[in-house]
Structures are given as structure tokens and as C-alpha cells.
Amino acid sequence: MKNQSKSTDLGMFIQTFKSVLLNLPVPCFILDLEGTIVFANNATIKLTGFHREIDFKRSFLSQLDDVYIEKTIEHIKTVLNGERLQVQIEIRHQNKQNIPVDIVSIPLEIRG
């Protein structure tokens, strides 16, 4: 019975966390360890014009202008080493225009 309660609590936490992320008024996305976008919230969809199901299962680097790729790879490595980072770059809108954005990257710790 105790394990079932923990499972229910975890499920509710995940649903709540996902709802908060989806509805944040600022763009938010999550990358996996290879730099693939695995989550993008509604504000990101609105900013970029991309579709969640189609466009956000690819590399974050594909969303950038070529001048930002090498620098962004270094930024990702910094975050993977456990450091928080804030940078300004431009991401590509679906209509091919570049959009300046401030990115705050934080490493997520997974314990278990």
C-alpha cells in the first residue's frame, strides 16, 4: 500500500511539473544529453512557429544560424559539466528569420 501511494505521488508530481512547464509564459525547452530537443513548451512553439510533434525531435543545433553552432556546442558542454550558463544567441523561426533570445541553461540532476 505504501509503494502504491509513492507511485501515485510521483505521477501527480510529474503531471504538475509538466503542466507548469507547458504553461510557463516564457519559452522553455529540454535537451537530452545528445542535444536533441525532447520537450518544448507552448511559448517556444509560439516564438518559433514550429510544431511540437514534427520539429522538436531533432537537434537543437538545427534551430541555429551557422555562426552560433560552435559556440553553442561549447555552452552545452559547460552545462553537461554541471554549470549554469546564460547566453544570447539567435534561433531560427520556421519562416527562416533569426530571432534573438536569451538562454538560461541549467543542468538537471537525476538521482536514483
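Caption draft 1: How the structure looks around the nonpolar core. Residues Phe60, Leu64, Val87, Ile89, Ile91, Val101 and Ile103 are the most contacted members of the largest nonpolar core, which totals 14 residues. Those elements that place two or more of their residues in this core are strand E2 (37-40), strand E3 (85-92) and strand E4 (98-105). Of all the elements, E3 adds the most residues to this core, at four residues. Apart from the residues within four sequence positions on either side, Ile103 is in contact with Phe29, Phe60, Leu85, Gln86, Val87 and Ile89.

Caption draft 2: The arrangement of helix H4 (residues 69-80) in detail. An ideal rise of 1.5 Å per residue puts 16 Å on twelve residues; H4 measures up with 16 Å between its terminal C-alpha atoms. The set of residues buried in H4 consists of Thr72, His75 and Val79. For H4, the angular spread of the buried residues around the axis is 55°, confining them to a single face. Of the surrounding elements, those touching the buried residues of H4 are E3 and E4.

Caption draft 3: Examining the packing of aromatic side chains more closely. Within this structure, the stated rule accounts for two aromatic pairs. Considering the side-chain rings of Phe13 and Phe17, the 6.0 Å spacing of their centres and the 15° angle between planes classify their relative orientation as stacked. Here Phe17 and Phe13 lie together in helix H1 (residues 2-23), a separation of four residues that amounts to about one turn. Judged by relative accessible area, which is 53%, Phe13 ranks as exposed. The partly exposed category is assigned to Phe17, whose relative accessible area is 44%. Measuring from centroid to centroid gives 5.0 Å for Phe29 and Phe60, while their planes differ by 25°, and the two rings are stacked. Of the two residues, Phe29 is situated in strand E1 (residues 29-31) and Phe60 in the loop between helix H3 (52-55) and H4; the sequence distance between them amounts to 31 residues. On the basis of relative accessibility, which here comes to 5%, the residue Phe60 falls in the buried class.

Criteria and thresholds
- Residues numbered from 1 in each chain as written.
- Predicted model: local features only at pLDDT ≥ 70, side-chain atom pairs only at ≥ 80, totals over all residues.
- Heavy atoms only, no water.
- Core = buried A, V, L, I, M, F, W, Y, C linked by side-chain atoms within 4.5 Å.
- Buried < 20%, exposed > 50% of the residue type's maximum accessible area, 1.4 Å probe, protein only.
- Helix = DSSP H or I, 4+ residues; strand = E, 2+ residues; numbered from the N terminus.
- Contact = heavy atoms within 4.5 Å.
- Expected span 1.5 Å × (residues − 1).
- Arc of directions from axis to C-beta.
- Phe/Tyr/Trp six-rings, centres within 6.5 Å; stacked < 30°, edge-to-face > 60°.

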